[in-house]
Amino acid sequence: MANHFRIVESEGLTDGEEQLEAIAEDVAAEPLPDLETPAEASGLIELPTIEQPASPSFTVPSVTDEPAVAPEPEPELPPMVDPLYAPLAAEEEQPIDRSGNPTISFRNVSLIYPSRPDKKALDDVSLDIYPGEFVFVVGHSGSGKSSLLRLITRELKATSGQVIVAGQDLTKLRNGKVPYLRRQIGCVFQDFKLLPDKTVYENVAFALECIGKRRAVIRGQVPEVLRLVGLADAMDKYPDQLSGGEQQRVSVARAMVNRPPLLVCDEPTGNLDPAISLGIMKLLDRINRTGTTVVMATHDREMVDSMRKRVIALEAGHMVRDQERGGYGFYGAL
Ligand code: ADP
Ligand code: MG
């Protein structure tokens, strides 16, 4: 399968070293508990109350004004008002502002894989996801969850309809612009996709090296994000020396180290025990509360029921439910 972590392809973003220094102090004062033990993982983490920040936003450069050979330099993201590492948010969820543009918009989207021309993997799906939302995509295996996520990252192109992400119609986005899109989308997968011959630190640093970050920035940013996910002490370990839950936390750190405004997670807890899954879920929830939009495919019924987030349900490629603060619903055996 293609390497999904393609946000690593281009220039660096705003550095934010000063922010990091300030944040490092915050984090040192409020270290994240290690969520690895089931007892701790199942307990609620005490979080300081802060005002809900504005959601990070992102843009993909326009498709119309690009010179064919030499693309214009990528515009920088607006400075992060609220970096990932900020003190994490209040328990109270803030209402989502749906008055502006959605981060993700599907309009009558259908997808047919060329190798399965007789079957629509997605059939006439329309939805809007707004900045700062946390959305579960649920459904049986084969219902189209991964396909839906791959349309968001432009790993796949819709057969018909429009997929609009950050204001750009991805069905029309030039291939050369796709890296600009992907570097702004953090991806987390069921199978972690860590590089086995690199340490935890190197796995996360690699994401920044590939987008041209200076070494000094990397040296500041990587330990901070690892501290956030509770792995400050595991920086020099290799993936095979870590538990599944720890490996998944590394992959969340890698997805978030560049502070993308959108996090796409495909069954991130699918390989993990329930208590460990809850730790990962809490981590994603905390990240969402800093303003990051999160779209998470799962068929973990208990988790969806306990989180009371927006639920989009798929059945054989059809969107059969879109419910605010929903539960998993009843689909029979999975
Ligand atoms: P889910 O993630 O919910 O399990 P998928 O999006 O992977 O569902 O699959 C949706 C449908 O598309 C299924 O019928 C699956 O068999 C089919 N499908 C998925 N990937 C491919 C592919 N690469 N080629 C052909 N068919 C595919
Ligand atoms: Mg899938």
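Further up the page is the structure itself.
Caption draft 1: Inspection of the nonpolar core at higher detail. In terms of nonpolar packing, the biggest core is built from 76 residues, with Val-137, Val-204 and Ala-253 touching the most fellow members. A total of 7 residues in this core trace back to one element, the largest contributor, which is helix 8 (residues 274-289). In contact with Val-204, not counting residues within four places along its chain, are Val-222, Val-225, Leu-226, Val-250, Ala-253, Arg-254 and Val-257.

Caption draft 2: Broad picture of the sheet that holds strand 4 (residues 160-165). Spatially, 2-1-4-5 is the arrangement adopted by the 4 strands of the open sheet, whose pairing is antiparallel. Single-partner strands in this sheet number two, and they are strand 2 (122-129) and strand 5 (168-169). Bridge analysis of strand 4 against strand 5 gives 2 bridges, and the strand direction is antiparallel. Looking at the pairing, Ile-164 lines up with Asp-169 of strand 5. Running at roughly 125° to strand 1 (residues 104-111), helix 3 (residues 145-152) makes contact with strand 1, strand 2 and strand 4 of the sheet.

Caption draft 3: Examining the packing of helix 5 (residues 200-209) against helix 6 (residues 215-228) more closely. For the pair helix 5 and helix 6, the least separation of the axes is 10 Å and the interaxial angle reads 125°. Classified by the interaxial angle, the pair formed by helix 5 and helix 6 is oblique. In the crossing of helix 5 with helix 6, the sense of the turn from one axis to the other is right-handed. Contacts between helix 5 and helix 6 pair Val-200, Tyr-201, Val-204, Ala-205, Leu-208 and Glu-209 from the former with Ile-218, Gln-221, Val-222, Val-225 and Leu-226 from the latter. Of the residues in the contact of helix 5 with helix 6, the class split is 9 nonpolar, 1 polar and 1 charged.

Caption draft 4: Spatial organisation of the site of ligand 1. By nearness alone, every residue bordering ligand 1 is listed as Tyr-113, Ser-115, Arg-116, Ala-121, Gly-139, Ser-141, Gly-142, Ser-143, Gly-144, Lys-145, Ser-146 and Ser-147. Considered class by class, the residues forming the shell around ligand 1 number 2 nonpolar, 8 polar and 2 charged.

Caption draft 5: Geometry of the packing of helix 5 against helix 7 (residues 244-256). The N-to-C vectors of helix 5 and helix 7 enclose an angle of 25°; their axes lie 8 Å apart at closest approach. For the element pair helix 5 / helix 7, the angle class is roughly parallel. As for how helix 5 packs across helix 7, the hand of that crossing is right-handed. Residues Val-200, Asn-203, Val-204 and Ala-207 of helix 5 form the contact with helix 7, whose own contacting residues are Val-250, Ala-253 and Arg-254. Its residues placed into classes, the contact of helix 5 with helix 7 shows 5 nonpolar, 1 polar and 1 charged.

Caption draft 6: Broad picture of the environment of Arg-310. Its place among the elements puts Arg-310 in strand 9 (residues 310-315). On the basis of neighbour count, Arg-310 is assigned to the buried category, with 20 C-beta atoms found within 10 Å. For the pair formed by Arg-310 and Ile-129, sequence separation is 181 residues and the distance between their alpha carbons is 9.8 Å. Not counting chain neighbours up to four residues away, the residues in contact with Arg-310 comprise Glu-133, Phe-134, Val-135, Phe-136, Gln-323, Glu-324, Arg-325 and Gly-326.

Calculation criteria
Residues numbered from 1 in each chain as written. Chains lettered and ligands numbered in written order. Predicted model: local features only at pLDDT ≥ 70, side-chain atom pairs only at ≥ 80, totals over all residues. Core = buried A, V, L, I, M, F, W, Y, C linked by C-beta atoms within 7 Å. Buried ≥ 20, exposed ≤ 12 C-beta atoms within 10 Å, placed from the backbone. Helix = DSSP H or I, 4+ residues; strand = E, 2+ residues; numbered from the N terminus. Contact = placed C-beta atoms within 7 Å. Pairing = 2+ DSSP bridges. Axes fitted to C-alpha atoms, helices over the stretch in contact; angles between N-to-C directions. Parallel < 35°, antiparallel > 145°, perpendicular 65-115°, else oblique. Left-handed = near helix turned anticlockwise from the far one by under 90°. Nonpolar A, V, L, I, M, F, W, Y, C, P; charged D, E, K, R; others polar. Near = placed C-beta within 6 Å.

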